[in-house]
Amino acid sequence: MSPSADDGYIPGTYWERVARRVSARDGEANVIAGDDTTFYRRKRELFLERLLAPATEGLHEVLEVGCGPGGNLAWLAGRGMSVAGADVSPTMLEHVRRLLPDVPLTHIDGRQLPFADRSFEAVMTATVLQHNPPDGAGELLTEIARVADREVHLFEDTAWLCLRDRQSHWLRLPRWYVRRMAEVGFVPVVQERLPLAAQEVAAALVRAAGDRGHHEGERVTSRRQRVEVSLGQAASVVDAVLPTGVGLTRMSFRRAGAPSGEKNGRQR
Ligand SMILES: C[S@@+](CC[C@H](N)C(=O)[O-])C[C@H]1O[C@@H](n2cnc3c(N)ncnc32)[C@H](O)[C@@H]1O
C-alpha cells in the first residue's frame, strides 16, 4: 500500500496519473516524469553533469528507486553501468520498458523493496522522497539502506526549512535525511546543492499563476514556456550571485565501515 498524507495525497495514485498524461504527450521521447519545460530540461542537464556524474563515477551497479520514465537509467547504462529500476507506477515502468527493454524492472508498493539485504552496490533516488509524506519517505529510506551494499545517493529538493509547498512536494532540510541514514548505519560523504534557487522559484510562480487547469505531466502551453524562459533568464542573474538556500541537493552516503572510492575508482 503506497504511503498517503492526511489529505488523501497518495504517491502511487498521483504518479500513475502523471505517467498516463506523459504517455499522452504524442509519443515524444519523454525522459521527464512531470512537466516538460525549458527549466526542467536545464535542471536535468545540470543534475546529470554536476551531481549524478561525480556520484556514480566508477560504480558498476545501481538500483534507481522511483526511476520514472527511465532517463537516468538510460544515462547510467550508456556509461557502462548495470542498472535496475523500481517504481510505484506501472505506467512509468512501461515507459522504461520501451526505452530499455533489457533492464530489470520491479513494480513496488511504495514502501517495501522486494530485494535481499545488500543486493546492489549502490541505490539512488532522484526527486522521489520529496514526493512522499515523512512516514512513507522514512520507511522507504530504511529499505533503500537495507538493500544497498555500499553507497546510497539521494538527489532531492531540500531547503533551510521544512515546508510542504504543494500537495505532492515536501521540502526538507538535508539534516532530515542525514539523521535517518545515520539510524540505519550510513555516514554522509558529500552534500551539494544546484545553484538554481531563484530559477526554481520563478518556475514555480509561472506554474502557479500562468497555467490554470494544467495537471502535472500534461503538455505545457507555449505561453507558459515563454514566460518561464524570460523570468528564468532574470532569475539566473540572481542565482549567479546569491548563495543557494533551496533546490536539488546531492546527499551521498557510505555504509559505515565500507571503503571510500570516489576519487580513485571503486573496488568491488
Ligand atoms: C519526479 S519523478 C522522478 C523520476 C526519475 N527519478 C527522474 O529523475 O527522472 C518521481 C518518481 O518517483 C516515483 N515514486 C514516488 N513515490 C514513490 C515511492 N514511494 N516508491 C516508488 N516510487 C515512487 C513516481 O512514480 C515517479 O516515477
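Quick note: structure is the one above.
Described below are features of the structure shown in this document. None of these values were measured; they are calculated from a predicted model. (Residues numbered from 1 in each chain as written. Predicted model: local features only at pLDDT ≥ 70, side-chain atom pairs only at ≥ 80, totals over all residues. Heavy atoms only, no water.)

Before going further, it helps to spend a moment on helix H6 (residues 174-183). By the burial criterion, the buried members of H6 are Pro174, Trp176, Tyr177 and Met181. When H6 is viewed along its axis, its buried side chains cluster within an angular range of 160° and face the same direction. What points out from H6, more than 90 degrees from its buried face, is the exposed set Arg175 and Glu183. Positive phi appears at Gly185, one or two residues downstream of H6, with a value of about 85°. (Buried < 20%, exposed > 50% of the residue type's maximum accessible area, 1.4 Å probe, protein only. Helix = DSSP H or I, 4+ residues; strand = E, 2+ residues; numbered from the N terminus. Arc of directions from axis to C-beta.)

Each α-helix turn comprises 3.6 residues. Residues three or four places apart therefore point the same way. The terminal C-alpha atoms of helix H2 (residues 38-56), which comprises 19 residues, lie 26 Å apart, in line with the 27 Å expected from a rise of 1.5 Å per residue. By the largest-angle criterion, Leu48 marks the main kink of H2, which is about 40°. Within H2, burial applies to Phe39, Tyr40, Lys43, Arg44, Leu46, Phe47, Leu48, Leu51, Leu52, Ala55 and Thr56. The positive-phi residue at the C-terminal boundary of H2 is Gly58, with phi of around 85°. (Expected span 1.5 Å × (residues − 1). Bend = angle between axes of the 7 residues up to and from the residue.)

Close contact between H2 and helix H3 (residues 71-78) brings their axes to 12 Å; oriented N to C, the two are set at 50°. The pairing of H2 with H3 is recorded here as oblique in orientation. Judged by the sense of rotation from one axis to the other, the crossing of H2 with H3 is right-handed. Where H2 abuts H3, its residues Arg44, Phe47, Leu48, Leu52, Ala53 and Thr56 lie against Gly71, Asn72, Trp75 and Leu76. (Axes fitted to C-alpha atoms, helices over the stretch in contact; angles between N-to-C directions. Parallel < 35°, antiparallel > 145°, perpendicular 65-115°, else oblique. Left-handed = near helix turned anticlockwise from the far one by under 90°. Contact = heavy atoms within 4.5 Å.)

Of all five residues that make up strand S1 (residues 61-65), four are buried, and the element is covered over most of its length. Handedness of the crossover joining S1 and strand S2 (residues 82-87) through H3 is recorded here as right-handed. Note: S1 against strand S4 (residues 120-126), three bridges, orientation parallel. By the bridge assignment, Leu63 is partnered in S4 with Val123. (Right-handed = clockwise from strand over helix to strand, strands pointing away. Pairing = 2+ DSSP bridges.)

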